[in-house]
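Summary of structural features
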Amino acid sequence: MQTDRPPLVLSVDAQHPDASIIARAAAILDQGGLVAFPTETVYGLGAHALNANAVARIFEAKGRPAWNPVIAHVASAAHARELVTDWPAAAEKLSNEFWPGPLTLVLPKRWNVPGIATAGLQAVGIRVPSHPVALALINALNGPIAAPSANRFTELSPTTAAHVAAGLGNRVEMILDGGSCSVGIESTVVDLTGVTPTILRPGTIGRDALIAALGGDVMEAARETETGNTPRLSPGRTERHYAPRAEVWLFDAVDAGSFANAAADFGSRNLHTKVATLVLDWSLALPPNVRAVRMPTDPLAYARTLYATLHELDAADFGVIAIERPPRTSAWAGVHDRLNRAAHS
Ligand code: TXA
Ligand code: MG
């Protein structure tokens, strides 16, 4: 929906949000409106999850196809259980270990969750965010908040309020500005509707941590899906996702020489296209006229800054962003997934 007014952007203290501001935001949600708010992962575009008309407005504002389900955010595992028909032992273990936090559990939905929120699936994705603003908003609404990332479909997820405003403009009534998101990429999504827990979307909570919390041996299927191919339960998910406007190239450090040649060649043929590169290895020989951005070598720190870096390069009109692939270890699975999707055209 396009309102005729720009969104109201209200600053809130990330740790101790002002109750009167949270109450105003909750009132908008209660009346079926949309509020963008910070979570620890990325900013969410929130609507009352049990109000089908309000959830429909999320799809409209994002330009998101109806086959892509949204996540319900709740304040506790007890509230999560009110949205599902089954609470397997794996849900108990994973929620105890990782909630509140960047983990979404997919469970069989109860009748009260509108079909539009789950894209017609009989399962619902639920998480308890750890961000104090998100929790305060859920508590003030006294109900679950459906919230995908607060960006237009296929575009980069926002990690600041300014990213939300630039991407959604008048399509949202209010933006709560709680500063930058500390995790920086979206939650790990784990499907618990089958026999074996399965990672549908990798994130900063990796397979090893999930297996440890589950008690060892019950995460076989994740091995194949974690590399970032189309998840079983997320119907028709597009590969291109989490993408900047710029064209994204990926290269390995060992191929830095051929990357440098390709970039130089590209530069001579496309004089007006600005090229940037994100590197981990600062000693790589890079062509002149390429803006090099040094990325953190720790996967959590890398995830925290990735989208903000891409947003910044987009805003500065870079046409190509060449990204050095991080190490191929499981700690980097979430980052690899986002890079592969950003590079897919
Ligand atoms: O960190 C996050 O998860 C952020 C913040 C705002 O919480 N939200 C987010 O939502 O990334 P969204 O809608 O952009 O991504 C939700 C992912 C999608 O890949 C979707 O397919 C999957 O979760 N998902 C949601 N509900 C599902 C369901 N019932 N079955 C399978 N996959 C589901
Ligand atoms: Mg998203």
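In what follows, the accompanying structure is described. Residue indices begin from 1 for each chain and proceed along its sequence in written order. Working convention: letters from A go to chains and numbers from 1 go to ligands, in the order in which they are written. Local features are withheld for residues below a pLDDT of 70 in this predicted model, meaning they are given only at 70 or higher, and side-chain atom pairs are given and counted only at 80 or more; totals for whole chains, interfaces and linings count all residues. The side-chain quantities take in all heavy atoms of the structure and omit both hydrogens and water.

**A look at the environment of H336**
For the purposes of this entry, the term helix denotes a DSSP run of H or I that reaches at least four residues, the term strand denotes a run of E that reaches at least two, and both are numbered from the N terminus. Relative to the helices and strands, H336 resides in helix α11 (residues 333–343). A simple rule labels every residue: compare its accessible area, found with a 1.4 Å probe on the protein chains alone, to the largest value its type can have, and call it buried under 20%, exposed over 50%, or partly exposed in between. Taking the relative accessible area as the measure of exposure, H336 reaches 13% and is therefore buried. In this structure, the C-alpha to C-alpha distance between H336 and R325, residues 11 residues apart in sequence, is 7.6 Å. Any two residues whose heavy atoms approach within 4.5 Å are treated as being in contact. Apart from residues no more than four positions distant in its own chain, H336 is found in contact with R325, P326, P327 and R328.

**Section: the site of ligand 1**
Throughout, the term near means that a residue has one or more heavy atoms lying within 4 Å of the molecule or strand in question. Neighbouring ligand 1 are 26 residues; T41, R64, H73, A123 and S187 lie closest to it. Polar contact is defined as a pair of N or O atoms within 3.5 Å, subject to the rule that within protein one atom must be able to donate a hydrogen and the other to accept it, and that residues adjacent in sequence are counted only when both atoms are side-chain atoms. One of the side-chain N or O atoms of R64 is found 2.9 Å from an oxygen atom in ligand 1. A distance of 2.9 Å is found between an oxygen atom of ligand 1 and a side-chain nitrogen or oxygen belonging to R201. Tallied by class, the residues present in the shell around ligand 1 amount to 13 nonpolar, 8 polar and 5 charged. Only Asp, Glu, Lys and Arg are considered charged in this grouping, and only Ala, Val, Leu, Ile, Met, Phe, Trp, Tyr, Cys and Pro are considered nonpolar; every other residue, Gly among them, is considered polar.

**A short note on the pairing of strand β8 (residues 174–177)**
Strands pair, by our definition, only if DSSP identifies at least two bridges between them. Relative to β8, strand β1 (residues 8–11) runs parallel, the two sharing 4 bridges. By the bridge assignment, V9 is partnered in β8 with I175.

**Brief notes about the pattern of salt bridges**
Whenever Lys or Arg places a side-chain nitrogen within 4 Å of a carboxyl oxygen from Asp or Glu, that contact is recorded as a salt bridge. What the rule picks out here adds up to 9 salt bridges. Taking the shortest distance from any N to any O, the salt bridge between E40 and R127 comes out at 2.8 Å. Taken as a pair, E40 in the loop between β2 (35–37) and β3 (44–48) and R127 in strand β6 (residues 123–127) lie far apart in primary sequence, 87 residues in all. The same class applies to E40 and to R127, which are both buried. For R57, the salt bridge goes to E173, with nearest N and O atoms at 3.2 Å. Of this pair, R57 sits in helix α2 (residues 52–62) while E173 sits in the loop between α6 (161–168) and β8, placing them 116 residues apart in sequence. A cluster of three or more residues bridged by salt bridges with shared partners is formed by E186, D337, R338 and R341.

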